[in-house]
Each structure stands twice: as structure tokens, then as C-alpha cells.
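# Structural characterization, general
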Amino acid sequence: DLSGMIGEIVGIEGVVRHISAPRGRVRNALFRCDCGEGVMYPIEGRFTRPSVSDAGTCPTCGQSGNWTYEIEGSDVDSYQQIRVQEPPEGSTVERPREVDIDVVEEDLIDKCSVGDRVTVIGTVRAEPAKNNNLVETWLDGLTVRKTENKFDEENISEEDRKIIGTIAARDD
């Protein structure tokens, strides 16, 4: 549970279960007043939609509410979401837990695939859920690194190899 670590930098290891398609996410929204003045407004929150009510009063003409949101002039970052599940061998519960990681840096986009084991370092973030009193947590990814899949190596005797070969050659 990450809710007790909000704002802290943590490292997690796990298996990638989902990767979203890369897309843009607005960091600073451009609002243009009817008089032509443009104002950049920082977007706070994970999936906050820019709203003309955020822009306030125009510094040039003093009007409020006459804003138009312009995506073309806004600051947009590349964005991808990765869902990582704790490794089954490290889980203490029946269904291993999952953590969503928001990746915003261009050099971190598409650095892993579903099924890869990864180590992720990121900052724990949170915001209130939309319709209840719960808190949604996620990591803002700082690094994503693929790790080696660990397999136990078995020593198979020559006799066992012959038995395996005989079974494999059967038609049934």
C-alpha cells in the first residue's frame, strides 16, 4: 500500500501487465482571451481537464470568462501508463497487487513490454477518487529498467533425458 508514502521516492520490482499507447498529456494549457491575450495555466493533477474557469481575469482587458482553450499552443508531454504487478514469488496475498506508473519522459516511453520483469523508481503521488473518500495512488516514473527473468537451472541426468525423449516421441 503506497498511501503512507505519498511524496516519497520508492523502488518497486514486478512484472508488466499492461502498457497504454503513448499519447500526449497537457502540462501547461494555453487560454486565449477574446482581446487576443494568451495566458499559460499549469495543469495540476493526474487527469485534470483544462477548464476556461482556471484562467481567471485577463491581464490586458480585465475581463473574465472570455477564454478559449487552445491545444495547439499548450505544452504537451509524451505520456504512457504502465501497470506492474508484484512478482508471484514475492506476493503474500492470493492475488498479487498492482501499481500504475505514469511515464512522462520521452526516453522512458516504450522501454518495456507486457510480461517483462522491471524495476521502477518513482515518486508516489495521490489524489482523491472521483466518487468516494478513497485515495488513488500511483508512481510518477523516474526510471524503468528491465531485469533478467530468473529461472532455476535443473541438472537433468542422462537417464532422465532418455525418458523425456521417449515420452516426447510418442504419438499419444
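Residues numbered from 1 in each chain as written. Predicted model: local features only at pLDDT ≥ 70, side-chain atom pairs only at ≥ 80, totals over all residues. Heavy atoms only, no water.

### Some points on the overall build of the protein
Within the protein, the regular secondary structure consists of one helix and seven strands. Secondary structure of the protein in N-to-C order comes out as β-β-β-β-β-β-β-α. In summary, the protein has a C-alpha radius of gyration of 24 Å against a globular reference of 16 Å for 172 residues, an excess of more than 25%. Projected onto its principal axes, the C-alpha positions of the protein cover 90 × 35 × 30 Å. With 172 residues in all, the protein has 30% of them scored as buried. Here the analysis covers contacts within the protein between residues at least 6 apart in sequence; of these, 64% occur between residues at least 24 apart. Summing over all exposed atoms, the protein offers an accessible surface of approximately 11,700 Å²; the carbon and sulfur share of this is 46%. Averaged over its 20 positive side-chain charges, the protein has a centre that lies 1 Å from the centre of its 34 negative ones. (Helix = DSSP H or I, 4+ residues; strand = E, 2+ residues; numbered from the N terminus. Rg over C-alpha atoms; globule rule 2.2 N^0.38 Å. Buried < 20%, exposed > 50% of the residue type's maximum accessible area, 1.4 Å probe, protein only. Contact = heavy atoms within 4.5 Å. Areas by Shrake-Rupley, 256 points an atom, 1.4 Å probe, with all protein chains shown as cover. Lys, Arg positive; Asp, Glu negative; His and termini not counted. Charge placed at Lys NZ, Arg CZ, Asp CG, Glu CD.)

### Quick look at helix 1 (residues 158–169)
The terminal C-alpha atoms of helix 1 lie 17 Å apart, and with twelve residues this matches the ideal 16 Å at 1.5 Å per residue to within 8%. Of all the twelve residues making up helix 1, zero are buried; the element is thus mostly uncovered. (Expected span 1.5 Å × (residues − 1).)

### With respect to the state of the cysteines
A full pass over the atoms with the stated rule returns zero disulfides. Counting only cysteine sulfurs, Cys33 is the nearest neighbor of Cys61, a cysteine outside any disulfide, at a range of 3.6 Å. Judged by relative accessible area, which is 34%, Cys61 ranks as partly exposed. (Disulfide = S-S within 2.5 Å.)

### Section: the packing of aromatic side chains
Under the definition given, this model contains two aromatic pairs. Ring centres 6.4 Å apart and planes at 70° place the aromatic pair Phe31 and Tyr41 in the edge-to-face group. Taken together, the positions of Phe31 in strand 2 (residues 23–33) and Tyr41 in strand 3 (residues 38–42) put the pair ten residues apart, joining distant regions of the chain. Look at Phe31 and Tyr69: their rings are 5.7 Å apart centre to centre, the planes differ by 40°, and that puts the pair in the tilted class. With Phe31 in strand 2 and Tyr69 in strand 4 (residues 67–85), this pair connects stretches of sequence that are 38 residues apart. (Phe/Tyr/Trp six-rings, centres within 6.5 Å; stacked < 30°, edge-to-face > 60°.)

Nothing here speaks to function; it is all geometry.
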